[in-house]
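# Survey of secondary and tertiary structure
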Amino acid sequence: ARILVLHGPNLNMLGEREPEVYGHDTLDDINRRLRQAATDSGHTLDCFQSNAESDLIDHIQAARKEGVGFILFNPGAFTHTSIALRDALLAVAIPFIEVHLSNVFAREAFRRHSYLSDIAVAVVSGLGAQGYELALTAAIQRLEDTSG
Ligand code: DQA
């Protein structure tokens, strides 16, 4: 199946951005490992990062036409602000896991609310880059269960 990994604003700066919060891996490091893991289990994985809400919405809308079966999504700060991203995910009805590198519940109060968590399959928060890999494992399992 096709899997889409979406990264929101400021995640292009991973590795140099507050490494004590977000770790030392760059976005390329993370994407490379995810692509490899997906390929190893016979799936295709595309990655996209944008600082712009509209680009993320366009990619979510396109995902339906492209037959994407699952989305891993770190919406960055849009997690806490974006009704438009919520509506895009509801519109395409593609299952997704919300991923955060940091534990959003251990930080400022405004990070505790997400516009996406209640419509996500699951939320992974606080496991750093490993969170994406665990989310991918779960996504692949679900894709294989439903196509079985
Ligand atoms: C984040 C958490 C958000 O609150 C923050 O705005 C980010 C990154 C994370 O991965 O921990 O940009 O999504």
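Residues numbered from 1 in each chain as written. Predicted model: local features only at pLDDT ≥ 70, side-chain atom pairs only at ≥ 80, totals over all residues.

You'll find the protein entered in an unreviewed UniProt entry as 3-dehydroquinate dehydratase, with Methylohalomonas lacus given as the organism. Per UniProt, the protein has the following entry under Sequence similarities (unreviewed entry): "Belongs to the type-II 3-dehydroquinase family." UniProt, in the comment section headed Catalytic activity (unreviewed entry), describes the protein in these words: "3-dehydroquinate = 3-dehydroshikimate + H2O". (UniProt positions renumbered as here; feature names shortened; annotations may be inferred.)

A few words on the UniProt feature "active site" (unreviewed entry) in the protein. Under the UniProt annotation, the feature "active site" (unreviewed entry) is placed at Tyr 22 and His 100. In sequence the annotated residues extend across 79 residues, while in space they remain close, none of their C-alpha pairs exceeding 9.2 Å. The topology assignment puts Tyr 22 in helix α1 (residues 19–22). Judged by local crowding, Tyr 22 falls into the partly exposed class, with 19 C-beta atoms found within 10 Å. Within the secondary structure, His 100 sits in strand β4 (residues 96–100). With residues near it in sequence (within four places) discarded, His 100 still touches Asn 74 and Ser 125. (Helix = DSSP H or I, 4+ residues; strand = E, 2+ residues; numbered from the N terminus. Buried ≥ 20, exposed ≤ 12 C-beta atoms within 10 Å, placed from the backbone. Contact = placed C-beta atoms within 7 Å.)

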